[in-house]
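# Tertiary structure, described
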Amino acid sequence: MRSNVKVLTLASYLSMLFLGLASTMIGAAARNINLSPFQIGLFLVVQNIGFMIAVWISGAMADNHEKPKLLLFGSLILAFSLFTFYLTGIFWLNLIIMMIIGLGIGTYEGVTDAMLLDMHSERQSLHININHFFVTFGSILITLYLIYLQMDWRNSLIQSAVIVLILALVYGIFGLPVKQRQEEDYMQRVKILTRERLVVALFVATVLVVGVEIGMAGILTTFLMDNRDFTQITSKVGLVTFLAGIAAGRVLIGLISQKGQIFHYLLSLFGFATITFTFLLFIDLGQWIYLGTFLAGLGLSALLPLMIALAGIAYPQMAGTVIGSIKVAIPVGGILIPLFMSLLASATTFQISLLVFPLALFLAFCVILLEYRRLPAFEREVI
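In this report, the structure presented in the accompanying data block is examined. (Residues numbered from 1 in each chain as written. Predicted model: local features only at pLDDT ≥ 70, side-chain atom pairs only at ≥ 80, totals over all residues. Heavy atoms only, no water.)

What follows covers the overall build of the chain. Helix and strand content of the chain: 17 helices and 0 strands. Burial status across the chain gives 55% buried among its 383 residues. (Helix = DSSP H or I, 4+ residues; strand = E, 2+ residues; numbered from the N terminus. Buried < 20%, exposed > 50% of the residue type's maximum accessible area, 1.4 Å probe, protein only.)

Here it is as structure tokens:
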């Protein structure tokens, strides 16, 4: 059993690596595929739709079904879609395949964190943070692979699909016992959760945090070139620096965070992220701008993993359902915050639209602070 836990923990980390790779693939390979901005937008929309469907369904099923078997199914879906994506140039067919990619990575997102919480009773936030470190690492990896090294993007997908098939084999061989089946059906569990203020607060905060992370990754190179006189190459270095800050923070915070202090870490990171984003976007840091970019990523880094860990620890009997429900906020945030910023930029100026990022982080800080103050002292210690 102990060997199963070690193997499945490693497999979970690798699964999230390919989640990061697949979710960043279109942005990194758009020029190689010669996609128009309109086509890129359509690909991202259908991927997010597939992701949203899968994370919701797989998260609910994770409470009553063997999690490695769900991940086996998700791995087979992802491997098939990576093998077949742009095998032909038929746009509508590739659009369908992109939705299937969303279904595969959504299954990874919906199940792996819940599985880690089941397998590890100690240092749970560490495992969740490392799990999401690999998402960022996958994003950095595909960006370097396709942009800096100019490798054949189709070959990179085939290689990825082969490794995902190996992951499917691992999930098929190594199993875990299924926890006692919930007495309530899925809709009853969701109804219970919608009455929980903590769940609502975490959902709202996740929308804001993910929106800032995706939006910042999308506009950072433009900001550095237009507002700070960076070049094409140095602006990409700035983006990698930002992603490296996220990756480093997820490991660092995971190592030092303790189960009874997650709220404290969340509030501290929200405050730190609000300050660093304000300095980075509205003060000319000169030669210190790379440090400011790294620190902004560091402040943002562990917010999502810590909120996921908090949700799973607070509701252990329905961890899959609550985590899946909160993760629906990921594609919602990825759409709403960048859209709001875009509308604000068109109505005012690009510089003014950047206010969306620190304001969103400050609003999330207030949401979490209000929920923390509502909890009795003994509950704070348990959570």
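Moving on from the coordinates now.
This part covers the pattern of salt bridges. Counted by the stated rule, this structure contains 5 salt bridges. The closest approach of N and O atoms between E66 and K69, which form a salt bridge, is 3.6 Å. According to the relative accessible area criterion, E66 is partly exposed, its value standing at 22%. You can call K69 partly exposed: its relative accessible area is 37%. (Salt bridge = Lys/Arg side-chain N within 4 Å of Asp/Glu carboxyl O.)

On to the packing of aromatic side chains. Tallying each qualifying case throughout the model produces 12 aromatic pairs. With 5.7 Å between their ring centres and 75 degrees between their planes, F43 and F85 make a pair best called edge-to-face. One end of the pair, F43, is in helix α2 (residues 37-61); the other, F85, is in the loop between α3 (67-84) and α4 (91-119), and 42 residues separate them in sequence. We note that F43, like F85, is buried. Note on F134 and F137: the rings are 6.4 Å apart at their centroids and 90 degrees apart in plane angle, and the pair reads as edge-to-face. With F134 and F137 both in helix α5 (residues 124-148) and 3 residues apart, the pair spans about one turn of that helix. On the basis of relative accessibility, which here comes to 36%, the residue F137 falls in the partly exposed class. Aromatic rings pair up to connect Y13, F133, F134 and F137 into one cluster. (Phe/Tyr/Trp six-rings, centres within 6.5 Å; stacked < 30°, edge-to-face > 60°.)

With that settled, consider the side chain of S75. As for its placement among the helices and strands, S75 is situated in helix α3. Judged by its relative accessible area of 0%, S75 falls in the buried class. A polar side-chain atom of S75 sits 2.7 Å from a polar atom in the side chain of Y108. Discounting chain neighbours no more than four positions away, the residues touching S75 are Y108, V164, L167, A168 and Y171. (Polar contact = N/O pair within 3.5 Å; in protein donor to acceptor, adjacent residues only side chain to side chain. Contact = heavy atoms within 4.5 Å.)

Another aspect to go through is the side chain of T112. Tracing the sequence through the fold places T112 in helix α4. Residue class for T112 comes out buried when judged on its relative accessible area of 0%. Within the structure, T112 has its side chain in polar contact with the backbone oxygen of Y108 (distance 2.8 Å). Apart from residues no more than four positions distant in its own chain, T112 is found in contact with S12, S15, M16, L71 and N131.

Here we come to unusual backbone geometry. Excluding glycine, a negative phi dihedral is what most residues carry, and trans is how most peptide bonds are arranged. Positive phi, close to 55 degrees, is recorded for Y86, a residue that is not glycine. For Y86, a relative accessible area of 16% puts it in the buried group. The phi angle at D229 is positive, at roughly 60 degrees, despite the residue not being glycine. Looking at the element boundaries, D229 is found in the loop between α8 (197-228) and α9 (232-256). Assessed through its relative accessible area of 69%, D229 is described here as exposed.

Take the nonpolar core next. Counting residues in each nonpolar core, the largest one holds 117 residues, and the members touching the most others are F85, M216, F242, L266, F270, F277 and F357. Among residues more than four places away in sequence, those in contact with F277 are V212, M216, F242, A296, L300, F357 and L361. (Core = buried A, V, L, I, M, F, W, Y, C linked by side-chain atoms within 4.5 Å.)

In an α-helix, one full turn covers 3.6 residues, which means residues spaced three or four apart are oriented alike. Roughly 45 degrees is the biggest bend found in α8, and it falls at I219. D229 sits one or two residues past α8 and shows a positive phi near 60 degrees. (Bend = angle between axes of the 7 residues up to and from the residue.)

Look at α4 against helix α13 (residues 319-327): their axes get within 9 Å of each other, and the N-to-C directions meet at 140 degrees. With respect to α13, the axis of α4 lies oblique. The two elements α4 and α13 meet at a crossing, and its hand is right-handed. Taken together, the residues of α13 that come into contact with α4 (itself represented by E109, D113, A114 and L117) are G320, I323 and K327. Each residue belonging to the contact of α4 with α13 can be placed in one class, and the counts come to 3 nonpolar, 1 polar and 3 charged. (Axes fitted to C-alpha atoms, helices over the stretch in contact; angles between N-to-C directions. Parallel < 35°, antiparallel > 145°, perpendicular 65-115°, else oblique. Left-handed = near helix turned anticlockwise from the far one by under 90°. Nonpolar A, V, L, I, M, F, W, Y, C, P; charged D, E, K, R; others polar.)

With respect to the element layout, A302 can be found in the loop between α11 (289-301) and α12 (303-314). When the C-alpha atoms of A302 and I253 are compared, they prove to be 6.5 Å apart, with 49 residues separating the residues in sequence. With residues near it in sequence (within four places) discarded, A302 still touches N129, G249, R250, I253 and L269.

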